[in-house]
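This is what each chain is made of:
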Amino acid sequence: MVDVGAVQQAAQKIRTEMAKVVVGQGEVIDQVLVALLCEGHVLLEGVPGIAKTLIARTLAMTISADFNRVQFTPDLMPSDGIRSGVNWTLLKSAEMVIA
């Protein structure tokens, strides 16, 4: 059984560490944490300069996970990534240790 209190504390620690680097994106950080805890996927979209890469990189560093970035262009097709061997995951591996 999952200890909800421990998960809340771990999520708060991650949120606090990310807030030291990423400013003004609290709602996005919360949504990314929900996806992480649910073992889901996230596609961060938006205009340049709104900290999309910084959020993903900071989360990966905070939880000691690998980080990879894919630069999408209008002409990029999913088959292009499969054929070229691009790793489509932002966070290849993530293991949360609740301490």
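Note that the coordinates shown come from a computational prediction; the quantities given were computed from them, not determined experimentally.

1. What to know about the overall build of the protein
Working step 1: Within the protein, the secondary structure is distributed over four helices and zero strands.
Working step 2: Going from the N terminus to the C terminus, the protein shows its helices and strands as α-α-α-α.
Working step 3: Evaluated residue by residue, the protein yields a buried proportion of 20% over its 99 residues.
Working step 4: Within the protein, residue pairs in contact and separated by at least 24 positions form 55% of the contacts whose partners lie at least 6 positions apart.
Working step 5: Counting every atom, the protein has about 7,200 Å² of accessible surface; 57% of that belongs to carbon and sulfur.

2. Considering the pattern of salt bridges
Working step 1: A complete count under the given rule lists two salt bridges for this structure.
Working step 2: Between Asp-30 and Arg-15 there is a salt bridge whose closest N-O contact spans 2.5 Å. Of this pair, Asp-30 sits in helix α2 (residues 26–37) while Arg-15 sits in helix α1 (residues 4–19), placing them 15 residues apart in sequence.
Working step 3: You can call Arg-15 partly exposed: its relative accessible area is 29%.
Working step 4: The salt bridge partner of Glu-17 is Lys-20, with a shortest N-O separation of 2.9 Å.
Working step 5: Taking relative accessible area as the criterion, Glu-17 reaches 38% and is therefore assigned partly exposed.

3. Some remarks on unusual backbone geometry
Working step 1: Backbone geometry at Ala-51 places phi at a positive 75 degrees, although glycine is not the residue there.
Working step 2: Residue position: Ala-51 is located in the loop between α2 and α3 (52–62).
Working step 3: One non-glycine residue, Ser-64, adopts positive backbone phi at about 55 degrees.
Working step 4: For Ser-64, the position within the fold is in the loop between α3 and α4 (78–84).
Working step 5: Given the relative accessible area of 69%, Ser-64 is considered exposed.

4. Considerations on the confidence of the model for the protein
Working step 1: Mean pLDDT over the protein stands at 81; residues scoring 70 or higher make up 78%.
Working step 2: Contacts of residues 84–92 to residues separated by more than four positions or lying in other chains number 25 contacts, the stretch itself having pLDDT below 50.

About the thresholds
Residues numbered from 1 in each chain as written. Predicted model: local features only at pLDDT ≥ 70, side-chain atom pairs only at ≥ 80, totals over all residues. Heavy atoms only, no water. Helix = DSSP H or I, 4+ residues; strand = E, 2+ residues; numbered from the N terminus. Buried < 20%, exposed > 50% of the residue type's maximum accessible area, 1.4 Å probe, protein only. Contact = heavy atoms within 4.5 Å. Areas by Shrake-Rupley, 256 points an atom, 1.4 Å probe, with all protein chains shown as cover. Salt bridge = Lys/Arg side-chain N within 4 Å of Asp/Glu carboxyl O. pLDDT = per-residue confidence, 0-100.

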